[in-house]
Amino acid sequence: MSAVPDLQQQRQAFYGRADTQHLAPLWTRLKSLVPAEPTPAGVPHRWAYAEVRPYVLESAQHISAKEAERRVLILENPGLHGSSQITNSLYAGLQLIMPGEVAPAHRHTQSALRFVIEGHGAYTAVDGEKTLMEPGDFVITPSWTWHHHGNESTAPMVWLDGLDIPICALFASTFREDHHADEAPLTRPAGDALARYGSGLLPVGWQPGSLNSPVFNYPYARTREALFALARGAAPDAHLGHLLRYVNPADGGWAMPTIATMIRLLPQGFATLPYRSSDSTVFVGVEGRGELRVAGQRLALTPHDVVVVPGWMPYTLHADADLVLFSYSDRVAQEKLGFWREQRL
Ligand code: 1HN
């Protein structure tokens, strides 16, 4: 008919010839490459701990921590099947260590966080210091530090691992090394870092040796005290509740260089106003009961449940009983790059 089909045919022919030179037209892709606002991969999802716990415990019948290196069931976003990702930029898994086991020492460029779910007194050893872990503890494994885990208690321990694996993959900056021994040498007594750096004091002349907080275990007993003290003294923020961020006491910044970690308390009966931010976020129930509402779904939050919300999706939080939630995201990395945005709706 008109010249339009010809134009389209000529364009397609051009694209085909350009392709032989590994050239592609931007104008057919620009709007999807640079959309008006974020459309992160992945979907909102809830892992109910009561449902996944039997699988985590069964994994011990199939493989030892030593053979597995890390016996973990990955929490894979249903919208990112096969990717080993819980969000567009982060990884999550539930790790099990049974009494008497050691998960052998290694190191890698990825940073890891542990958030303890159940069990008492198993340890992780990080950069020469052991720390005993209790439910609700937040523990950091900085990039390229030797770490192994062990359980000298009498019960299984389960924790949530959060790693920046997709961020390292984006930069193709992954290195790993196995230690020649299962257990890396210990050079400081247990509790040294917390005593030294976690009391509002720093040795004079001390210089940070890493981009991470020098405190690598933030015990829940202390966190809880701070959270409930905050709640006694002020009204909750309408969009956030009583929200605390884990800080590096040496500089007031986030505790880790790539993963932002926070904990919040929503008093019984409280509901937040709708909020969104550009960082896809993983929430973990710690105490109490409530729900997260997103995209017409109501995702229950009871202790140890994990809920993921892709970035830029408005959500609200509702507390049926005083609700404590741990959360992590790539917010710190986005802030450093000048990308991060939030919106209070
Ligand atoms: C890792 O080193 C740990 O040290 C956990 O416990 C999960 C997932 C992928 C790669 C390394 C750990 C991991 C991991």
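Residues numbered from 1 in each chain as written. Predicted model: local features only at pLDDT ≥ 70, side-chain atom pairs only at ≥ 80, totals over all residues. Heavy atoms only, no water.

Peer 1: What is the right way to look at the environment of Leu-273 in this model?
Peer 2: As for its position among the elements, Leu-273 is in the loop between strand 14 (260-266) and strand 15 (275-277). The spatial distance from the C-alpha of Leu-273 to the C-alpha of Leu-317 is 8.0 Å, given a sequence separation of 44 residues. Ignoring any residue separated from it by four or fewer positions in sequence, one finds Leu-273 in contact with Ala-238, His-239, Tyr-315, Thr-316 and Leu-345. (Helix = DSSP H or I, 4+ residues; strand = E, 2+ residues; numbered from the N terminus. Contact = heavy atoms within 4.5 Å.)

Peer 1: I keep staring at the sheet that holds strand 11 (residues 176-178) and nothing clicks. Help me out?
Peer 2: Strands pair in a sheet through their backbones, by hydrogen bonds, and they do so in one of two ways: parallel or antiparallel. Strand order in this open sheet of five strands is 7-6-9-4-11, and the pairing throughout is antiparallel. Because the sheet does not close on itself, it has two edges, and the strands there are strand 7 (129-132) and strand 11. Along the sheet, successive strands turn relative to each other by an average axial angle of 25°, direction set aside. Bridging between strand 6 (residues 123-126) and strand 9 (residues 147-150) involves four bridges; their strand directions are antiparallel. Paired with Ala-125 across the two strands is His-148, which belongs to strand 9. (Pairing = 2+ DSSP bridges. Axes fitted to C-alpha atoms, helices over the stretch in contact; angles between N-to-C directions.)

Peer 1: Would you mind going over the site of the ligand with me for this structure?
Peer 2: Lining the immediate surroundings of the ligand are Arg-70, Tyr-91, Gln-95, His-106, His-108, Arg-114, His-147, His-149, Asp-161, Leu-163 and Ile-165. Within the contact set of the ligand, an oxygen atom lies 2.9 Å away from a side-chain nitrogen or oxygen of Gln-95. Computed on the free molecule, the ligand has an accessible area of 330 Å², of which 83% lies beneath the protein chains in the complex. Class assignment for the residues of the shell around the ligand results in three nonpolar, five polar and three charged. (Near = heavy atom within 4 Å. Polar contact = N/O pair within 3.5 Å; in protein donor to acceptor, adjacent residues only side chain to side chain. Areas by Shrake-Rupley, 256 points an atom, 1.4 Å probe, with all protein chains shown as cover. Nonpolar A, V, L, I, M, F, W, Y, C, P; charged D, E, K, R; others polar.)

Peer 1: Just to check I follow, could you spell out the environment of Pro-38 for this structure?
Peer 2: When you line up the elements, Pro-38 lands in the loop between helix 2 (30-33) and strand 1 (45-47). With a relative accessible area of 39%, Pro-38 lands in the partly exposed category. For the pair Pro-38 and Glu-183, spaced 145 residues apart in sequence, the C-alpha separation works out to 43 Å. (Buried < 20%, exposed > 50% of the residue type's maximum accessible area, 1.4 Å probe, protein only.)

Peer 1: What am I meant to see in a nonpolar patch on the surface here?
Peer 2: The grouping of Leu-26, Leu-30, Leu-33 and Val-34 at the surface amounts to a nonpolar patch, some 380 Å² of accessible area in total. Relative to the elements of secondary structure, Val-34 occurs in the loop between helix 2 and strand 1. Accessibility expressed as a relative area gives 58% for Val-34, which makes it exposed. (Patch = residues over 30% accessible without salt bridge, like charges linked within 9 Å, V, L, I, M, F, W, Y side chains within 5 Å. Salt bridge = Lys/Arg side-chain N within 4 Å of Asp/Glu carboxyl O.)

Peer 1: Would you take a moment to explain the packing of aromatic side chains for this structure?
Peer 2: Between two aromatic rings, the relevant description is the distance of the centres plus the angle of the planes. Under the counting rule described, the total for this entry stands at twelve aromatic pairs. Measuring from centroid to centroid gives 5.2 Å for Tyr-197 and Trp-206, while their planes differ by 45°, and the two rings are tilted. Given a relative accessible area of 13%, Tyr-197 falls into the buried group. Taking 6.1 Å as the distance between ring centres and 80° as the angle between the ring planes, the aromatic pair formed by Tyr-275 and Tyr-315 counts as edge-to-face. One end of the pair, Tyr-275, is in strand 15; the other, Tyr-315, is in strand 19 (residues 315-329), and 40 residues separate them in sequence. (Phe/Tyr/Trp six-rings, centres within 6.5 Å; stacked < 30°, edge-to-face > 60°.)

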